[in-house]
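Chain and residue survey
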Amino acid sequence: REIGASPGRSPRSPFSPGRVREMTGAAVLQARGALGAATESAAQRAAQAKEVVLMPATLVMNTVNQKVRPHLESARIASMLSSPHVWWRHPVARIAITWVILVEDYFIYAEDPVNDSHVIANFPGMGHMMGLITLHTSETAGLGFLRFFLVIVSLFVGFWLGRQFLVRIVRRRWKLMAFDGFEGAFSVVSMFMCAAMMGAALLYNLMIPSWAAPLTGASMELLVAFGAKSLEYRHINQSFQTLSGSVDLLAIAMVTDQVYQDYLWYPNWAPCTKLLWNSWRGRTRVICFWVFMIVGVALTAHFVFKTGTDPGDIYWDNTRIGGMTEIARSLLASCIVFTDLFTVLQDWAFPMFIETLEVEVPVKIAGTYAETFRCNCLGVLWRKLPTVTPACVSDFIRKYTPDPDFFALSLNGKWLTYGPLLGVMLIDLFCARSQMTYDPESYGQYVDPVDERIYVITDDVYLAEAYDKVGTLLQPVWITYGARWNTTTGLPISDSTLTDIKLNSRFVGSSVKYLGLVLALIYIAIFGVLLKLASVKLHRGLTKDRLETPAEEAPAEMEPEEGSPPAPGTGVPPDVRWGPSDRASNGAGTGVGAVAGGALCPWLPWRTVPRF
């Protein structure tokens, strides 16, 4: 406007005042047209989003969305294993499978005769680990301190072994993309920590004096503090079933919430339900989640702890769909393992298990308004530790311990769903093992030779003489049908026999019962193979798409020089160390870290924060 009104001020201008006014008017019209088009496009996107309140994306995710997302999406859709549009990844199938797991879980709980046993529970390995962390059961304060010391040492040893296995085997050799982030790394390290604690429990038994009680599979006093009435199988398994049922409800709620937040893969499925679910600025979904979980867990705990064989308890006596043999129960346990793994396989982000990079409609964690859970309290304390310790200690901490950023916890909704579900799968494997090794005599039970149904002995005085304090059978001849009933007349031998309860479960003594555990192990092996194949196909697709990207579109400007800090404004903490040692420790060159995290975007949060 100023040039057009006072052309004399620009004597060197190559355009006349009229020409300047024409150009200015054309620019204004062009800007108005662009503004109108942008406004119309924004209105269309808002209508498609169904009034969902969009959260502003960070600069890091914007960069990932622009540079990495095209490569990821084209590679994922190309593979059948990772395509979200196959029929068994349909929203209805995903929700239905979670309910199938819940039904299977309760059905095998009702049919398993171990859940009615009055013998002291003995779970080798699990009992050792629980007994080690139950410090208040130690005979003396010195033994309690020894347990505490062994727990701390075993956690550090398990952490170091898990980190070595994760970096050297899982990432570098197997190249599994699911374990590139913090969540997958945490799951691997947790398993090694549990194994190290079991070894520490055995070491504790070697170090204690002869008068002290050793840790056994029956050292499960920790569950008594969480509501178990006694250490018998029937009460210990109630605690396990309550935990398993609660995790099943969590999986149902989180998968359902994820499905109804989706506007990317199935935008036209259940639009009215999605609109209602995400209404009221997302408060509807949050309220529904917490009401479902609180009521569901409360009802689960109430009814599970009300089951049993005592008068007034809930007792399963259906013989039409019940009355399963140990073979059928073993196969049912393997089916539960299969459905657990299949639920993980159904995820739309398989095999990476990270939230989709479509940031326009971010998927929140169920019951919250956040996309991820982040906590760096330990990192802050660890960063300040060298400043309050002597120089030799601080040098040791800086040289031989992880960076403070390593302790930054970051969990997304997918791992909050599948992490506990995979943990419950381990309990299901214990169930399959118990069905495989089930012998009625080991649980205070015997078999009717006529109809092969199982009797459970409820006389605690009789059982205390037949078994020791850790549930080991001392008098096998006492736990037989002939020791309790007259085989000729069918009359009870003593008044104690009248308290025996006949279950609807049966025992045939067939070796086919081992088939269930074999199938469960086969399912786990197949899942590992599918995870590997999907990671390889996705890795190849990423590499191919990146090689086909024109040079002017390649995100070379995103990679900082070796040893140099990231550019200002990238959102990366300034205290992150850069160099070959850090990238090697992070497992560079493997999985998605080599393509999406190393070559395309080396400073992504899941590459620097965990530092595994």
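Comments concerning the overall build of the chain
From N to C terminus, the chain includes 22 helices and 5 strands. Residue burial in the chain is summarised as follows: out of 612 residues, 46% are buried. For the chain, contacts bridging at least 24 residues in sequence account for 77% of all contacts bridging at least 6.

Some details on the packing of aromatic side chains
If you walk through the whole model with that rule in mind, you get 21 aromatic pairs. Relative to Trp348, the ring of Tyr266 lies with its centre 5.7 Å away and its plane at 35 degrees, an arrangement referred to as tilted. Remark: Trp348 occurs in the loop between helix H13 (326–345) and strand S1 (372–375) and Tyr266 occurs in the loop between helix H10 (233–261) and helix H11 (271–277); sequence separation between them is 82 residues. In this structure, Tyr266 and Trp348 share a single accessibility class: buried. Grouped by ring-pair contacts, the aromatic residues Phe123, Tyr233, Phe240, Tyr438, Tyr443 and Phe507 constitute a single cluster.

Observations concerning the sheet that holds strand S5 (residues 501–506)
Spatial ordering of the open sheet is given by S3-S4-S5, a layout of 3 strands whose pairing is antiparallel. Every other strand in the sheet has two partners, leaving strand S3 (445–447) and S5 as the edge strands with one partner each. Each neighbouring strand pair of the sheet contributes to a mean axis angle of 35 degrees, computed without reference to strand direction.

Some words on the nonpolar core
Residues Phe123, Met220, Leu223, Tyr233, Ile236 and Phe240 are the most contacted members of the largest nonpolar core, which totals 28 residues. Looking at this core, the elements that each hand over two or more residues are helix H6 (126–133), H10, strand S4 (453–456) and helix H17 (460–466). The residues touching Tyr233, leaving out its near neighbours within four places in the chain, are Val114, Ser117, Val119, Ile120, Ala121, Asn122, Phe123 and Tyr443. Counting 24 residues, the second largest nonpolar core, distinct from the first, contains Val170, Val188, Leu345 and Phe527.

Digging into the side chain of Glu232
Within the secondary structure, Glu232 sits in the loop between helix H9 (221–224) and H10. Sequence-distant contacts of Glu232, that is, excluding residues within four places in its chain, are made with Ser117, His118, Val119, Ile120, Ala121 and Asp460.

A short note on the packing of helix H5 (residues 91–111) against H10
At their nearest, the axes of H5 and H10 sit 9 Å apart, and the two run at 170 degrees to each other. In this view, H5 runs roughly antiparallel relative to H10, as classed from their interaxial angle. The residue makeup of the contact of H5 with H10, split by class, is 13 nonpolar, 8 polar and 3 charged.

Notes on a nonpolar patch on the surface
On the surface, a cluster of nonpolar side chains totalling about 970 Å² of accessible area is made up of Leu135, Phe145, Phe148, Phe149, Ile152, Val153, Phe156, Val157, Trp160 and Leu161. With respect to the secondary-structure elements, Phe149 resides in helix H7 (residues 141–171). For Phe149, a relative accessible area of 46% gives the class partly exposed.

Let's talk about the packing of H10 against helix H12 (residues 283–304)
Packed helices, taken two at a time, are described by their axes: the angle between them and the distance between them. Contact geometry of H10 with H12 gives a least axis separation of 9 Å together with a crossing angle of 160 degrees. Between H10 and H12, the interaxial angle falls into the category roughly antiparallel. H12 is crossed by H10, and the crossing has right-handed handedness. For the pair H10 and H12, the contacting residues are Gln238, Gln241, Thr242, Gly245, Ser246, Leu249, Leu250, Ile252, Ala253, Met254, Asp257 and Gln261 in the first and Arg285, Phe289, Phe292, Met293, Gly296, Val297, Thr300, Ala301 and Val304 in the second. Across the contact of H10 with H12, the residue classes break down as 11 nonpolar, 8 polar and 2 charged.

What to know about H10
Between its first and last C-alpha, H10 extends 42 Å over 29 residues, near the 42 Å set by a 1.5 Å rise per residue. Extensive coverage of H10 is indicated by the burial of 28 of its 29 residues.

Comments concerning the environment of Lys537
With respect to the helices and strands, Lys537 occurs in helix H19 (residues 514–548). As for Lys537 and Ser82, which are separated by 455 residues in sequence, their C-alpha atoms are 9.1 Å apart.

Remarks on unusual backbone geometry
Positioned with a positive phi, Trp280 is a non-glycine residue whose angle comes to about 60 degrees. Along the chain, the position of Trp280 falls in the loop between H11 and H12. Since its relative accessible area comes to 56%, Trp280 is described here as exposed. A positive phi angle, near 55 degrees, is found at Arg281, a position not held by glycine. Within the element layout of this structure, Arg281 appears in the loop between H11 and H12.

A look at the confidence of the model for the chain
Per-residue confidence for the chain averages 77 on the pLDDT scale, and 70% of its residues sit at or above 70. Predicted confidence is poor over residues 1–13, with pLDDT under 50, and the contacts of this stretch with residues over four places away or in other chains come to 5 contacts. Here residues 552–612 is modelled with pLDDT under 50, and outside its nearest four sequence neighbours on either side it reaches 136 contacts, counting other chains as well.

Concerning the pattern of salt bridges
Counted by the stated rule, this structure contains 8 salt bridges. Linking Arg234 and Asp310 is a salt bridge whose minimum nitrogen-to-oxygen distance equals 3.2 Å. In this pair, Arg234 is assigned in helix H10 and Asp310 in the loop between H12 and H13, connecting sequence segments 76 residues apart. For Arg234, a relative accessible area of 13% translates into the label buried. Here Lys502 ties to Asp448 by a salt bridge, and the two come within 3.2 Å at their closest N and O atoms. Here the residue Lys502 occupies a position in strand S5, and Asp448 occupies one in the loop between S3 and S4, the gap between them amounting to 54 residues.

What counts and how
Residues numbered from 1 in each chain as written. Predicted model: local features only at pLDDT ≥ 70, side-chain atom pairs only at ≥ 80, totals over all residues. Heavy atoms only, no water. Helix = DSSP H or I, 4+ residues; strand = E, 2+ residues; numbered from the N terminus. Buried < 20%, exposed > 50% of the residue type's maximum accessible area, 1.4 Å probe, protein only. Contact = heavy atoms within 4.5 Å. Phe/Tyr/Trp six-rings, centres within 6.5 Å; stacked < 30°, edge-to-face > 60°. Pairing = 2+ DSSP bridges. Axes fitted to C-alpha atoms, helices over the stretch in contact; angles between N-to-C directions. Core = buried A, V, L, I, M, F, W, Y, C linked by side-chain atoms within 4.5 Å. Parallel < 35°, antiparallel > 145°, perpendicular 65-115°, else oblique. Nonpolar A, V, L, I, M, F, W, Y, C, P; charged D, E, K, R; others polar. Patch = residues over 30% accessible without salt bridge, like charges linked within 9 Å, V, L, I, M, F, W, Y side chains within 5 Å. Areas by Shrake-Rupley, 256 points an atom, 1.4 Å probe, with all protein chains shown as cover. Salt bridge = Lys/Arg side-chain N within 4 Å of Asp/Glu carboxyl O. Left-handed = near helix turned anticlockwise from the far one by under 90°. Expected span 1.5 Å × (residues − 1). pLDDT = per-residue confidence, 0-100.

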